[in-house]
Amino acid sequence: MDDFLLEDEEVIAQGHGVILLNNREAGTLSVTNFRLLFVSQAKKCVIDLGTIPLTTIEKLNDDVKLQPLPHLSDKSRPRELLQVIGKDMRIIVFAFVPKTKQKNEVFDALRRYTKPANLWDLYAFSCDPSTIKNDFEPKWRLLREYFRLFRKSLPQSRGAGEVSLSNDWWRLTRVNSSYSLCSTYPSELIVPRSISDEDLFQASTFRSGKRLPVISWCDPGSGAVLARSSQPMVGLMMNFRNNADEKLVCALSSRTTDDKGSPRKLYIIDARPRANALANGAKGGGSESSSNYARSEVLFLGIQNIHTMRDSLSRLRDYVDAHGSISSNGSPSAVSVVGDRRNRGSTWGGGNLNSMTSFSSTLGEWLNHIQNILVGASWIAAQIAEEAASVLVHCSDGWDRTTQLVALACLLLDPYYRTFSGFQALVEKDWLAFGHPFAERMGVPTVAENGGSQYELLRQPSLGNLSSSPGRNVLGASGPSSHASVQSQTSNNSSPILLQWLDCISQLLRLYPSAFQFSSKFLVDFLDSVLSCRFGNFLCNSEREREQSGATSSCRCMWSYLADLRASGGIFHEHYNPFYDPVKHNGALLPPAAALAPTLWPQFYLRWTCPIESQGGDLESQWHAMNKKYAEAMKAKDIAEWRAKDIKMKMESVKQDLQRERRASSTALATAQSAQRENAAIKKAIESIGCTIKFSTSENQEDRTEVLSCSLRRGTDARGQEDENGDFSVSISAIEDGLVSEAPGDHFCESLCPFRTREGCRWPDAPCAQLGSQFVGLKANFDAFDRLSIQDCYFGPE
């Protein structure tokens, strides 16, 4: 398993021969200190569907009864099942070998490690702090974003206490540097310049959680601002007022829109339904009255609370799982085999066409929530961009629906937030610095007021038993078990608030495919990273709690991780939007209401149950698939070109060797021809004296002297009688041309040479040259000729 583990990841419990019922894959299931890891037995690789981080697990069910399926017999039907439900739309079921302790060991480990008692028990704190490299602290990055909004350059010094920021209308205050003003707000705030720090303290007492109105985004050109806060504490009769709060809110729109001094409009947006706002009055909350705030108008958007959102997503998840091509019921095709208990027919969609109506209702309910957020944010952006009005947004606490609307409106107004660096700045500003309760929404521990650890006691989940859900009809009712039948990872305050915001961005990506630098795949990986709690950026509930826990300095940074992923693939990485055109969309995006009809986000909601269909109609996915094939083709082309170049170089080398061999062969041929001519001349000279010539050449490669052995045989007389004298031989040696110097002084003959004169050898002008020899330095053994006894019998009668 070491090959599949991450750094500092350790195996706690393990089961072998486990079957992932969704795709019938067999393998090894391991519980580590970070995730539930499933490794295929046949493929020897990690199966993504069966691998889920522990903090992404929402529920566990260890007593699942599987209904008989047409393609399974009773003997082959698994009997020990464990159901895991994730916050990422995943429902998976593992089948263990019966009559073993593997299932109990895995389930006990999951119950213990999916609900850690302390924040520091999370995997994010398991790394060595000395290996963490943080270029900038979150406070410094927030300050840099504030300077960008003011269109000013940030000083090089990182001493935040020495940096001042202000203009004619707004200023940066550090009144909350010790979080005494508001514990869930950042240490630096942008407020109207006319408001003193004392006014801020007085105004904070009138808002829920002391989350007073502050500026989130401002337009230096028009003077319009986008502000956020929590609900005012007006009481049941809406008769409580606060002068400091009214002064602060009115200061948000103090600057006029033109030179004539016409007043600027102020919109107060309450994200809740009006009835919910009135109901909060019984608890001391409520909403503003436009009569108490000059030039203001109060509007309600009707966005539901966190509990409604959680239940709606649960119903959507159940239906998508039950009717997907890959389902947790273990069937290869849910379209043909999934049926409800009352109508187990073979018609499409669970035995009756009423399931289509159920799906339309389930999908429509979720999409209606998405549309409400989109419409509200678009309306806010339109009033600021077209009317130059200021807008104050709040809900009950000002950290869920308020964050969704403000962050989405900023994304529509400012093109910078539609880039990678801008998206990071937007998330760190409106989600992290302004205190979205990530710990509560994801169900992980955080730090208490005194710096210790706290974990809210988990209550029974409001989602209900899975077996009673219409989408879970394939699973039987839960029976008695020694363990808790349903184990919840999240508290009653869990809710998919961040998921909804990213869903809205995916809808804008569909409407404006060239307006965003990042792709839908980036949004999916971003959300997966947040849910995994692998990094310290999104732990705890506020900036203050992250400082107390040391999450920033002790845990790895998610932004660096995502940046490294992009760097690994270059500009063709799937996080990049290939259609991005910053020139085309360099201003605000103001979609008309008719275009704000959302569709299901397939890359996220369908990736586990319909993997092929989730990428089928996406232009980005098609482009990246084509680009991947193109990259593979280019890689193959480069390899082929390299091989061709290597072969060409080898051919050139062989060609040069052949040319050298050809020149050597030509030289040898010329030498042989010259030697042949010389041999013929010598043979002719010797035969002229009546001798028979026989040549032989030395085979010794080191001896470069050619030896000519001449055998002289006596002739016979007319009577055919042989002479009494035997045969005689003459040996003539010749040296190669290359071994003889061309200098005349180097040529010499034997002392018995009859042609030698006092002046020495006169070769090639000597009479001996008349022999016609082409060799330089020819040595003839003339002494042998002198010793010849020539008799008369050698010659015939005259």
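As recorded in an unreviewed UniProt entry, the protein goes by Myotubularin phosphatase domain-containing protein and comes from Urochloa decumbens. According to the UniProt record, the Sequence similarities (unreviewed entry) comment for the protein is "Belongs to the protein-tyrosine phosphatase family. Non-receptor class myotubularin subfamily."

## Regarding the overall build of the protein
Within the protein, the regular secondary structure consists of 20 helices and 19 strands. For the protein, buried positions account for 49% of its 798 residues. Put simply, 70% of the contacts in the protein that link residues at least 6 apart link residues at least 24 apart. When the accessible surface of the protein is split by element, carbon and sulfur atoms take 51% of a total near 38300 Å².

## Things to note about helix α1 (residues 102-113)
When the terminal C-alpha atoms of α1 are compared, their 17 Å separation across 12 residues agrees well with the 16 Å that a helix rising 1.5 Å per residue should span. Along α1, the positions that sit buried rather than exposed are Gln102, Lys103, Val106, Phe107, Ala109 and Leu110. Buried residues along α1 cover an arc of 160° about the axis, so they all sit on one side.

## Considering the pattern of salt bridges
On inspection of all chains with the given rule, the structure shows 30 salt bridges. In this structure, Arg607 and Asp88 form a salt bridge, with 3.9 Å as the shortest nitrogen-oxygen distance. Pair noted here: Arg607 is in the loop between α17 (602-605) and α18 (611-616) and Asp88 is in the loop between β6 (80-86) and β7 (91-96), with a separation of 519 residues, a long-range link. Given the relative accessible area of 2%, Asp88 is considered buried. The salt bridge involving Arg607 is made with Asp528; its shortest N-O contact spans 2.8 Å. Of this pair, Arg607 sits in the loop between α17 and α18 while Asp528 sits in helix α13 (residues 520-532); the two residues are 79 residues apart in sequence, bridging distant segments of the chain. Classification of Arg607 by relative accessible area gives buried; the value is 14%. Through salt bridges that share partners, Asp88, Arg90, Asp528 and Arg607 make up one connected network.

## Examining the nonpolar core
Membership of the largest hydrophobic core comes to 133 residues, with the highest contact counts inside it found for Phe423, Trp501 and Phe526. The element contributing the most residues to this core is helix α8 (residues 354-387), with 10 residues. If we skip the residues at most four places from it in the chain, Trp501 touches Gln404, Ala407, Leu408, Phe423, Leu426, Val427 and Trp431.

## As for the packing of aromatic side chains
Taken as a whole, this structure holds 28 aromatic pairs when the rule is applied. Ring centres of Trp431 and Phe438 lie 6.3 Å apart, and the angle between their planes is 40°; on these two criteria the pair is classed as tilted. Each member of the pair Trp431 and Phe438 is classed as buried. An aromatic cluster is built from Phe420, Phe423, Trp431, Phe438, Trp501, Phe516, Phe518, Phe522, Phe526, Phe538, Trp559 and Tyr576, whose rings are joined through pairwise contacts. The side chain of Arg148 reaches across the aromatic face of Tyr417, ending 5.2 Å from its centre.

## So, the pairing of strand β14 (residues 390-394)
Side-chain direction in a regular strand flips from residue to residue, so the side chains alternate between the two faces of the sheet. Within β14, 5 of the 5 residues are buried, which leaves it mostly tucked inside the rest of the structure. Residues Ser390, Leu392 and His394 line one face of β14 and the alternating positions Val391 and Val393 line the opposite face, and both faces are buried. Looking at chain direction, strand β12 (residues 266-270) and β14 are connected through 5 bridges and run parallel. Along β14, the bridge assignment pairs Ile268 with Leu392.

## Side note on helix α16 (residues 558-569)
Between the first and last C-alpha of α16 there are 18 Å, a value that for 12 residues agrees with the 16 Å anticipated at 1.5 Å per step. Every buried residue of α16 is listed here: Met558, Trp559, Leu562 and Arg566. When α16 is viewed along its axis, its buried side chains cluster within an angular range of 105° and face the same direction. Those residues of α16 that are exposed and angled more than 90 degrees off the buried face are Asp564, Ala567 and Ser568. On its buried face, α16 sits against α2 (138-149), α10 (420-433) and α13. Taken from the residues just after α16, Gly570 is the one with a positive phi, measuring 70°.

## Things to note about the UniProt feature "active site" (unreviewed entry) in the protein
Sites flagged by UniProt as "active site" (unreviewed entry) map to Cys395. In this fold, Cys395 is placed in the loop between β14 and α9 (401-413). Owing to a relative accessible area of 2%, Cys395 belongs among the buried residues under this scheme. Beyond its immediate stretch of four places on either side in the chain, Cys395 contacts Ser229, Ser230, Gln231, Asp270, Ala271, Arg272, Asp400, Arg401 and Thr402.

## Examining the state of the cysteines
Counted according to the given criterion, the structure contains 0 disulfides. The thiol of Cys555 is not disulfide-bonded; the next cysteine sulfur, from Cys127, is found 5.8 Å away. Exposure remark for Cys555: the relative accessible area of 1% places this residue in the buried category.

## Focus on the environment of Ile12
Along the chain, Ile12 turns up in strand β1 (residues 11-20). Relative accessible area serves as the criterion here: at 30%, Ile12 is assigned to the partly exposed category. Along the sequence, Ile12 and Thr32 sit 20 residues apart, while their C-alpha atoms lie 5.1 Å from each other. Filtering out sequence-adjacent residues up to four positions away, Ile12 remains in contact with Val31, Thr32, Asn33, Ala109, Arg112 and Tyr113.

## Here we look at the side chain of Glu145
Note that Glu145 resides in helix α2. By relative accessible area, which is 4% here, Glu145 ends up buried. Residues within four places of Glu145 in sequence aside, it is in contact with Tyr416, Tyr417, Ala425 and Lys429.

## Quick word on the packing of helix α12 (residues 497-511) against α13
Remark: α12 packs on α13, axes separated minimally by 10 Å, with the N-to-C direction vectors making an angle of 175°. Classified by the angle their axes make, α12 and α13 are roughly antiparallel. In this structure, α12 contributes Leu498, Leu499, Leu502, Ile505, Ser506 and Leu509 to the contact, and α13 contributes Ser520, Leu523, Phe526, Leu527 and Val530.

## Some remarks on the packing of α10 against α12
The N-to-C vectors of α10 and α12 enclose an angle of 145°; their axes lie 14 Å apart at closest approach. Where α10 crosses over α12, the handedness of that crossing is right-handed. Side by side, α10 and α12 meet where Phe423, Leu426, Val427 and Trp431 of the first sit next to Ile497, Leu498, Trp501, Leu502 and Ile505 of the second. Residue composition of the contact of α10 with α12, grouped by class: 9 nonpolar, no polar and no charged.

## So, the pairing of β6
Summarising burial for β6: 6 of the 7 residues are buried, a large majority. Here strand β5 (residues 57-61) runs beside β6; their pairing, made up of 4 bridges, is antiparallel. Following the sheet pairing, Lys59 is matched in β6 by Ile85. As consecutive antiparallel partners, β6 and β7 are separated by 4 residues, and within that stretch Met89 has a phi angle of approximately 70°, a positive value.

## Thoughts on the environment of Ala388
When you line up the elements, Ala388 lands in the loop between α8 and β14. For Ala388, a relative accessible area of 16% gives the class buried.

About the criteria used
Residues numbered from 1 in each chain as written. Predicted model: local features only at pLDDT ≥ 70, side-chain atom pairs only at ≥ 80, totals over all residues. Heavy atoms only, no water. UniProt positions renumbered as here; feature names shortened; annotations may be inferred. Helix = DSSP H or I, 4+ residues; strand = E, 2+ residues; numbered from the N terminus. Buried < 20%, exposed > 50% of the residue type's maximum accessible area, 1.4 Å probe, protein only. Contact = heavy atoms within 4.5 Å. Areas by Shrake-Rupley, 256 points an atom, 1.4 Å probe, with all protein chains shown as cover. Expected span 1.5 Å × (residues − 1). Arc of directions from axis to C-beta. Salt bridge = Lys/Arg side-chain N within 4 Å of Asp/Glu carboxyl O. Core = buried A, V, L, I, M, F, W, Y, C linked by side-chain atoms within 4.5 Å. Phe/Tyr/Trp six-rings, centres within 6.5 Å; stacked < 30°, edge-to-face > 60°. Lys NZ or Arg CZ within 6 Å of the ring centre and 35° of its normal. Pairing = 2+ DSSP bridges. Disulfide = S-S within 2.5 Å. Axes fitted to C-alpha atoms, helices over the stretch in contact; angles between N-to-C directions. Parallel < 35°, antiparallel > 145°, perpendicular 65-115°, else oblique. Left-handed = near helix turned anticlockwise from the far one by under 90°. Nonpolar A, V, L, I, M, F, W, Y, C, P; charged D, E, K, R; others polar.

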